[in-house]
Amino acid sequence: MTPRKPSRPSARLSLHPFHPPRSFRSFRSSRSSVPVPVRTPLGTPPSEPSRTAHAGAARTAAARAVGCAAAASLLLGGPAFASAPAPSDALPSTAPGTLTAPRAQDRPTWTTCPAPTQAEGGGKAPGTGWTCATLNVPLDYTKPGGKTIPLALIRHRATGPGRRIGSLIYNFGGPGGSGVDTLPAFTPTFAKLNTRYDLVSFDPRGVGNSAPVNCLTGPETDALNAVDSTPDTPTEVRRWMDATRNFATQCAKKSGPLLPYLTTTNVARDLDRIRAAVGDKKLNYYGFSYGTELGATYAHLFPEKVGRAVFDGVMHPDKDFTQGALYQLKGFQLALDHFARSCVAATYLCPLHHSTPEGVEKVLTGLVAGLEKHPAPAAGGRTLNDSLALTAIEGALYSPSSGWSRMAGAVAGYLRTHNPAALLAMSDSMTGRDARGHYSNSSNVFSATSCADTGVPVGRAEIERRLPAYRKASPLFGAQFAWALNQCTYWPVKGAMKHMEVSAKGAPPILVIGNTGDPATPYGGAKAMARRLGKGVGVLVTWKGGEGHCSYGDGSACIDGTANAYLLDGKVPAYGTSCS
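Residues numbered from 1 in each chain as written. Predicted model: local features only at pLDDT ≥ 70, side-chain atom pairs only at ≥ 80, totals over all residues. Heavy atoms only, no water.

A. Quick peek at the packing of aromatic side chains. Applying the stated criterion across every chain yields a total of 18 aromatic pairs. Between Tyr285 and Phe311 the ring centres are 6.4 Å apart and the planes differ by 80 degrees, which places this aromatic pair in the edge-to-face class. Remark: Phe311 occurs in strand 7 (residues 306–312) and Tyr285 occurs in strand 6 (residues 283–288); sequence separation between them is 26 residues. Given a relative accessible area of 1%, Tyr285 falls into the buried group. (Phe/Tyr/Trp six-rings, centres within 6.5 Å; stacked < 30°, edge-to-face > 60°. Helix = DSSP H or I, 4+ residues; strand = E, 2+ residues; numbered from the N terminus. Buried < 20%, exposed > 50% of the residue type's maximum accessible area, 1.4 Å probe, protein only.)

Pasting the structure below:
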């Protein structure tokens, strides 16, 4: 069966949710994503994620760093909150206790995979060779004998030839990306690795079919995404702040008992349970976008259990909640500049005919300004406003190979015909909306994990103080990124730390791959991560001149070959290895 089209992984920051890696970049035709993310990395499959913030916050959140694989559908823009079924039963709060090892009765039973649920993104069953399972893990690791939650897993057995090494576990970004939905789409990209590894992924807690976070219905999400995420009047500011408050209130009402436990630290402990459940003594891991933060957290907690690990599309370990948003904003502006220069140079099909990059960017700025004043009516009673247009533009920057020309064509088409269908479809791909108005729950989890990890309340006065710096950094995206800083202002769970802890003394070498043109996880994050992991642990590999989110499977034989030699043969490259 043809694999479903994925979105790219995304990286998490303050503005956007989930996107898959860039190799997974093509826009998905029917499912949502995330941002990336979330946010995607591999070679481009049939068309289909860092952390950033939410729709303004969430929409913006979509762009976060969900991973490269889901990226084409995720990280940026206006409101992008998603809805999902509530957990089957209430989840009680718990207090500290003692950690214990997984129990034998928690071992998964692998069976034929069903079609992905709506919360995962919908679509068809993955087909031959794929099996799925459920693994029960503690809701609260300080009370291992208390309430458990299910984690949805997916696996494709090693195909041979060659000796099987073990399992290679993937996280495609977010937070909020469904691994169960994303991994099958990239079977061809990972075919060489699949010869000696079982390919495994999962829906992290709160995502998809793993005790999903439920917040809004589809129509309620549409209404949220219609709110102006770049408010510039007192009335618009009040509506934006009220919309964010209502989103948080509904998440707390429908999923409140789960929210305190959706931290990356708990997901890392879940990852260790998955490692044990598939029978591996060491964790072999590939993390895209937000998956690099998850992998680094695991290495910090369990350095002695790390096997071979690759971090691709790397989140900056030293940036706090507000610093990360501005840092990521500058990455998107850099990518926009590259898009505009390449348009003028005609390196891709670009019908935005201007003689200078500044002229190309002014076309986009004018489009967004016009839609803010006069949203464009679309089929089904919908409208394309400035926030959703920004989401579409931001999503295209995740994936130059497919997104740049598609976005340029959609903008030119709208300016010529005033038909918003193409831009709206690109925005829907980022926010996780399907043709029936149903959403995946990636944006819900983006907010939940972002806030539980490092979120801080940022009020109106603080946002307005920061606005000039954000607008200076990016005239097009700056206001949306700034207003998305209110993502955690009304959230019921406050951040547990200022920034991630990633020192991993005692771990073996970990490949840290940075792409100098990455919008969602700018290259500086890879350099900082390689350093912070510790001497002899972080091994920096650079793709100079790369574009889009993440690197693997996106056309660099050098990057792919370096990663494959490390994962398959244990060949550790020299620190600072550069591919161009």
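B. Structural context of unusual backbone geometry. The omega torsion across Gly160 and Pro161 is 0 degrees, close enough to zero to call that bond cis. Mapped onto the fold, Pro161 is located in the loop between strand 3 (148–156) and strand 4 (166–171). Of note, the amide linkage connecting Gly174 to Pro175 takes the cis form, showing an omega dihedral of 0 degrees. Within the secondary structure, Pro175 is located in the loop between strand 4 and helix 2 (179–182). Of note, the phi angle at Cys550 is positive, near 75 degrees, even though the residue is not glycine. Looking at where Cys550 falls in the secondary structure, it is placed in the loop between strand 11 (538–543) and helix 17 (557–569).

C. Geometry of the sheet that holds strand 3. Taking strand neighbours across the sheet as the criterion, the 10 strands line up as 1-2-3-5-4-6-7-10-11-12 in an open arrangement whose pairing is mixed. Both edges of this open sheet fall to strand 1 (111–112) and strand 12 (577–579), since each of them pairs with a single strand only. Where strand 7 meets strand 10 (residues 510–515), four bridges bridge the pair, whose relative direction is parallel. Paired with Ala309 across the bridge in strand 10 is Ile510. Sitting on the sheet, helix 6 (residues 264–277) is in contact with strand 2 (130–138), strand 3, strand 4, strand 5 (197–202) and strand 6, with an inclination near 125 degrees to strand 2. The sheet contacts of helix 17 involve strand 4, strand 5, strand 6, strand 7, strand 10, strand 11 and strand 12, and relative to strand 7 the element is tilted by about 165 degrees. (Pairing = 2+ DSSP bridges. Contact = heavy atoms within 4.5 Å. Axes fitted to C-alpha atoms, helices over the stretch in contact; angles between N-to-C directions.)

D. Structural context of empty space enclosed by the protein. Taken as a whole, the second largest cavity holds about 60 Å³ of empty space. Looking at the second largest cavity, the residues that line it are Asn171, Gly173, Pro175, Gly176, Pro204, Arg205, Val207, Leu262, Val267, Tyr290, Val445 and Thr449. In terms of residue class, the lining of the second largest cavity is built from seven nonpolar, four polar and one charged. (1 Å grid on protein atoms, 1.4 Å probe; cavity = no way out; pocket = protein on both sides within 12 Å on 5 of 7 lines; lining within 4 Å. Points joined across faces, edges and corners; volume = space filled by probe spheres on them. Nonpolar A, V, L, I, M, F, W, Y, C, P; charged D, E, K, R; others polar.)

E. Region of the structure containing the pairing of strand 5. Within strand 5, six of the six residues are buried, which leaves the element mostly enclosed by the surrounding structure. Going residue by residue along strand 5, you find Tyr197, Leu199 and Ser201 tucked away on one face and Asp198, Val200 and Phe202 tucked away on the opposite face as well. Across four bridges, strand 3 lies against strand 5 in antiparallel orientation. Along strand 5, the bridge assignment pairs Ile154 with Ser201. Direction of pairing for strand 4 relative to strand 5: parallel, over a ladder of five bridges. The residue of strand 5 that forms the bridge with Ser167 is Asp198.

F. Structural view of the nonpolar core. Ranked by size, the top nonpolar core spans 122 residues in total, and within it Phe311, Phe339, Leu352, Phe477, Trp491 and Leu533 carry the most contacts. Take this core: its biggest share by element is nine residues, from helix 8 (residues 321–345). If we skip the residues at most four places from it in the chain, Trp491 touches Phe247, Ala248, Cys251, Leu259, Ser447, Ala448 and Cys451. (Core = buried A, V, L, I, M, F, W, Y, C linked by side-chain atoms within 4.5 Å.)

G. Structural view of the state of the cysteines. For the structure shown, the criterion picks out five disulfides. Note that Cys215 is cross-linked by a disulfide to Cys251, the S-S spacing being 2.0 Å. Judged by the sign of its S-S torsion, about 115 degrees, the bond between Cys215 and Cys251 is right-handed. On the criterion of sequence distance, the pair formed by Cys215 in the loop between strand 5 and helix 4 (218–225) and Cys251 in helix 5 (residues 234–255) is long-range, its members being 36 residues apart. Accessibility assignment for this pair places Cys215 and Cys251 in one class, buried. Residue pairing for Cys451: its cysteine sulfur links by disulfide to Cys488, the two sulfurs lying 2.0 Å apart. Handedness here is read from the sign of the S-S torsion; for Cys451 and Cys488, about -95 degrees, the answer is left-handed. With a gap of 37 residues between them, Cys451 in helix 13 (residues 442–454) and Cys488 in the loop between helix 15 (478–483) and strand 10 connect regions that are remote in the sequence. (Disulfide = S-S within 2.5 Å.)

H. Representation of the layout of surface pockets within the structure. Computed from the structure, the second largest pocket encloses a volume of approximately 240 Å³. Lining the second largest pocket are 13 residues, with Thr230, Glu372, Pro475, Leu476 and Ala479 sitting closest to its centre. In terms of residues, the lining of the second largest pocket owes the most to one element, helix 9 (residues 357–373), which gives four residues. Residue composition of the lining of the second largest pocket, by class: six nonpolar, three polar and four charged.

I. Geometry of the confidence of the model for the protein. Put simply, the protein has an average pLDDT of 85, and 82% of its residues get 70 or more. For residues 1–66, every residue scores under 50 in pLDDT, and the model assigns this stretch 733 contacts once sequence neighbours within four places are set aside. Low pLDDT, under 50, characterises residues 72–100; the stretch is placed with 206 contacts to residues that sit more than four places away or in other chains. (pLDDT = per-residue confidence, 0-100.)

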